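Summary of the model geometry
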Amino acid sequence: MSLWPISELVQHARKNQYALGYFESWNLESLQGVLDAAEMTSSPIIIGFNGEFLSRPGRKVAERIRCYAELGKAGAADARVPCGLIFNECPNDDWVRNAVLAGFNLVMPADSGASYDDYRLRVASLAEFTHRHGAAVEAEVGHLPFGSSGLRNGHSLTDPELAARFVDDTKVDLLAVSVGNVHVLTKGEQELDLKRLSQIGERVNRPLVLHGGTGIPASSIREAIKLGVTKVNYGTYLKQRYLGALRSNIAAEVDNPHELLGMGGEHDVMVTGRLAVRDAVLERIELLGCCGKADL
């Protein structure tokens, strides 16, 4: 299959009351692990990469966005399930536009430090550009706390009325919301404010998105889908599992470097990472209700 239009993916998800999983990748092994799990469960899937990380000014070497786009498009073309491809959470508008031109069919401009009015104007402009090139836009109203310390320091929950105005002003295709979910929650879970989510869903006629899926309890996810959530993002726990598996495997006393990289056997860290991601996705994907829904 090739990339599926985001509009078709979310329309099918809304009609059949399930959520698409975005399980974030960062290299070939993680991408293949996500696709393996999607194929094993016959699930439509959102694949992609983190735009904030890739565009980060402090990187030791500059990244080539087209390489990531081509990797994602090739993975989608080879997959036996429908795929969307997102360039996620990027604060750099030039990178967002280049991602669209490179072939990502969903982009998310994001900037927690921007004022509401500045962000609204930027998103409206990017949405016009993105729609003109046949892609979709996700944006956010409200800001997620970062880790458990962010919960203690306060955060900005999504205001339902402001969210409705934002969607009308910007014409975005999906709206990410802050309703108790947390970015990079490495330990424990955080319940969602389902009452606020319900109020948002009543006012916003768009598919809703939850970032920070790693720390959301299963019961909250199930209820959130009933209230209009159509996409849930996962990233932190995938990297935790990937790194844990690699650390265990690399400790093996293997002299031949090819056994550790490239031969595909039990000591190959590339295989280890791929399987770790696959198994981690399999733990969560059934919760979203998307398994068996790949026949769009």
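Below is a short write-up of the structure. (Residues numbered from 1 in each chain as written. Predicted model: local features only at pLDDT ≥ 70, side-chain atom pairs only at ≥ 80, totals over all residues. Heavy atoms only, no water.)

Time to look at helix 4 (residues 65–78). With 14 residues, helix 4 extends 20 Å between its outermost C-alpha atoms, agreeing within 8% with the 20 Å of an ideal straight helix rising 1.5 Å per residue. Inspection of helix 4 places I65, Y68, A69, G72, G75 and A76 among the buried residues, and these make up the whole buried set. Relative to the axis of helix 4, the buried residues are bounded by an arc of 130° and lie together on one face. Packed against the buried residues of helix 4 are helix 2 (28–41), strand 2 (45–50), helix 3 (51–54), strand 3 (83–90) and helix 5 (93–102). (Helix = DSSP H or I, 4+ residues; strand = E, 2+ residues; numbered from the N terminus. Expected span 1.5 Å × (residues − 1). Buried < 20%, exposed > 50% of the residue type's maximum accessible area, 1.4 Å probe, protein only. Arc of directions from axis to C-beta. Contact = heavy atoms within 4.5 Å.)

On to the packing of aromatic side chains. Under the criterion given, the structure shown has eight aromatic pairs. On the basis of an interplanar angle of 90° and a centroid distance of 5.1 Å, the ring pair of W26 and Y242 is categorised as edge-to-face. With W26 in the loop between strand 1 (20–23) and helix 2 and Y242 in helix 11 (residues 236–250), the pair connects residues that are 216 residues apart, well separated along the chain. Look at F87 and F104: their rings are 5.3 Å apart centre to centre, the planes differ by 55°, and that puts the pair in the tilted class. Here F87 is found in strand 3, whereas its partner F104 is found in the loop between helix 5 and strand 4 (106–109), with 17 residues between them in sequence. Chaining the aromatic ring pairs together yields one cluster made of F23, Y234 and Y237. In this arrangement the basic side chain of R284 is found over the ring face of Y237, its NZ or CZ atom lying 4.2 Å from the centre. (Phe/Tyr/Trp six-rings, centres within 6.5 Å; stacked < 30°, edge-to-face > 60°. Lys NZ or Arg CZ within 6 Å of the ring centre and 35° of its normal.)

Bringing the packing of helix 2 against helix 13 (residues 269–285) into the picture now. Helix-helix packing: each pair is described by the crossing angle between the helix axes and the interaxial distance. Where helix 2 meets helix 13, the axes come as close as 7 Å, and the angle between the chain directions of the two elements is 45°. In terms of orientation, helix 2 and helix 13 fall into the oblique class. Crossing angle aside, the handedness with which helix 2 passes helix 13 is right-handed. Taking contact as the criterion, the partners of E29, S30, Q32, G33, V34, D36, A37, M40 and T41 in helix 2 are, on helix 13, M270, R274, V277, R278, V281, L282 and I285. (Axes fitted to C-alpha atoms, helices over the stretch in contact; angles between N-to-C directions. Parallel < 35°, antiparallel > 145°, perpendicular 65-115°, else oblique. Left-handed = near helix turned anticlockwise from the far one by under 90°.)

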